Amino acid sequence: LFAALGQDPASLPEGMGARARHAELMRARLGELYGVDLSGVSESQMLDSIEYFLFPNACFFPGISIPLIYRFRPLDVDHCVHEIMLLRPIPKGTPPPAPAPVIKLGINDSYTTVPEFAATGLAYVLDQDTANFYRQRAGMQASRKRGQTLGNYQEVRIRHLHRRLDEYLERDANAMLASDD
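On a predicted model such as this, the values are computed, not experimentally measured, just so you know. (Residues numbered from 1 in each chain as written. Predicted model: local features only at pLDDT ≥ 70, side-chain atom pairs only at ≥ 80, totals over all residues. Heavy atoms only, no water.)

1. Quick word on the overall build of the chain
As a reminder of what qualifies: Helix and strand labels come from DSSP, where a helix needs a run of H or I of at least four residues and a strand needs a run of E of at least two; each type is numbered from the N terminus. Our radius of gyration looks at C-alpha atoms and nothing else; its globule reference is 2.2 Å times the residue count to the power 0.38. Categorising residues by exposure relies on relative accessible area from a 1.4 Å probe, with only protein chains included: less than 20% of the type maximum marks a residue as buried, more than 50% marks it as exposed, and the intermediate range marks it as partly exposed. In what follows, a contact means two residues having at least one pair of non-hydrogen atoms within 4.5 Å.
Helix and strand counts for the chain come out as five helices and four strands. Going from N to C terminus, the chain has its helices and strands arranged as α-α-β-β-β-β-α-α-α. Relative to the 2.2 N^0.38 estimate, which gives 16 Å for 181 residues, the radius of gyration of the chain is 21 Å and therefore markedly larger than a compact globule would have. Along the first, second and third principal axes, the C-alpha atoms of the chain reach 75 × 40 × 35 Å. Across the 181 residues in the chain, those meeting the buried criterion constitute 19%. A separation threshold of at least 6 residues defines the contact pool for the chain, and within that pool the share at least 24 residues apart is 27%.

2. A look at the sheet that holds strand β3 (residues 67–74)
Just so we agree on the cut-off: In short, DSSP must find at least two bridges between two strands for them to pair. Each axis is a line fitted through C-alpha atoms, and for a helix only the stretch in contact is used; angles between axes span 0 to 180 degrees, taken between their N-to-C directions.
Strand order in the open sheet made by the four strands is β1-β2-β3-β4, with antiparallel pairing throughout. Of all strands in the sheet, those bounded by a partner on one side alone are β1 (52–54) and β4 (80–86). Each strand of the sheet is rotated relative to its neighbour by a mean of 20°, with strand direction disregarded. Alignment of β3 against β4, held across seven bridges, turns out to be antiparallel.

3. Thoughts on helix α1 (residues 18–34)
Our working rule: By this rule the span expected of a helix is its residue count minus one, scaled by 1.5 Å.
Taking 1.5 Å per residue, 17 residues should reach 24 Å; α1 reaches 24 Å between its end C-alpha atoms and fits that length. Among the residues making up α1, those that are buried are Ala18, Arg21, His22, Ala23, Met26, Arg27, Leu30, Gly31 and Tyr34. Looking at the buried residues of α1, the elements they touch are α2 (43–47). Gly35 lies just past α1 and shows a positive phi near 70°.

4. Re the side chain of His22
Stated precisely, the cut-off is as follows: By the criterion applied in these results, polar contacts are pairs of N or O atoms within 3.5 Å in which, for protein atoms, one can donate a hydrogen and the other can accept it, and in which residues neighboring in sequence qualify only through two side-chain atoms.
By the secondary structure assignment, His22 is in helix α1. Relative accessible area serves as the criterion here: at 9%, His22 is assigned to the buried category. Side-chain polar atoms of His22 contact the side chain of Gln7, separated by 3.1 Å. Leave out the neighbours within four places in its chain, and His22 touches Phe2, Leu5, Gln7 and Leu47.

5. Notes on the layout of surface pockets
If a probe the size of a water molecule is rolled over the atoms, the empty space left behind becomes visible. Defined as follows: Think of a 1 Å grid over the protein atoms and nothing else: a 1.4 Å probe that fits but is trapped marks a cavity, an open set flanked by protein within 12 Å on at least five of seven lines marks a pocket, and residues with an atom within 4 Å of a point count as lining. Grid points are joined across faces, edges and corners, and a volume is the space filled by probe spheres set on the points. Amino acids outside the nonpolar list (Ala, Val, Leu, Ile, Met, Phe, Trp, Tyr, Cys, Pro) and the charged list (Asp, Glu, Lys, Arg) are all regarded as polar, and Gly is one of them.
Computed from the structure, the second largest pocket encloses a volume of approximately 340 Å³. Lining the second largest pocket are 14 residues, and of these Met26, Arg29, Leu30, Ser65 and Thr120 sit closest to its centre. Per-class residue counts for the lining of the second largest pocket are eight nonpolar, four polar and two charged.

6. Here's the deal with the pattern of salt bridges
Applied cut-off: The salt bridge criterion pairs a side-chain nitrogen of Lys or Arg with a carboxyl oxygen of Asp or Glu, the two atoms within 4 Å.
Tallying each qualifying case throughout the model produces eight salt bridges. Arg157 is the salt-bridge partner of Glu51, the closest N and O atoms lying 3.5 Å from each other. Of this pair, Glu51 sits in the loop between α2 and β1 while Arg157 is found in helix α5 (residues 156–180), placing the two residues 106 residues apart along the sequence. On the basis of relative accessible area, Glu51 is assigned to the partly exposed category, the value being 32%. By relative accessible area, which is 38% here, Arg157 ends up partly exposed. When the shortest N-O distance is used, the salt bridge between Arg73 and Glu83 registers 3.2 Å. With Arg73 in strand β3 and Glu83 in strand β4, this residue pair connects regions lying 10 residues apart in the sequence. Salt bridges sharing partners connect three or more residues here, namely Arg19, Glu43 and Asp48.

7. Side note on the packing of aromatic side chains
The criterion, for reference: By convention, a stacked pair of Phe, Tyr or Trp rings (six-membered ring in the case of Trp) has centres within 6.5 Å and planes under 30 degrees apart, an edge-to-face pair has planes over 60 apart, and any other such pair is tilted.
Following the criterion strictly, the structure yields three aromatic pairs and no others. Relative to Tyr70, the ring of Phe61 has its centre 5.2 Å away and its plane inclined at 65°; by these criteria the two rings are edge-to-face. Since its relative accessible area comes to 11%, Phe61 is described here as buried. A centroid spacing of 5.8 Å and a plane angle of 80° characterise the contact between Tyr111 and Phe117, whose relative ring orientation is edge-to-face. Given a relative accessible area of 10%, Tyr111 falls into the buried group.

Here you go:
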């Protein structure tokens, strides 16, 4: 496991787990890179890709190694803007940096052209996600079946989102009808 994490197995201290040691090394490396003390950050926050969804259109990954925010803004029925924000810890007592400039990419552009993503290796993951978005949209438009079939586990949040949207829209439509009476 330690080797799969990109580490030399011979450097794993006796009695220490691969995950704990890898988190320790990440704390030291990223703490030095960002000039912050990460000694109190849990293994999970250091290593895991935890995703929180904020209704109706944002996903937060609050870990240290993948500190992303995804936000989706609709343009029309078939298109949206997919914004990705990369957040980094800042040293205590340091004022927050100015907002980063907006970098616009098209559906066929690679995230490897964005130095902040290319430097972390995230560019390749984001390129995969973008390719998946394109294929999903193409598949939905090509299907004769009305609607989508969603998986029971991985896509439960999508199903939940659409149920909430339906509830809100129905409530608002009923309120509008009641006010017309």
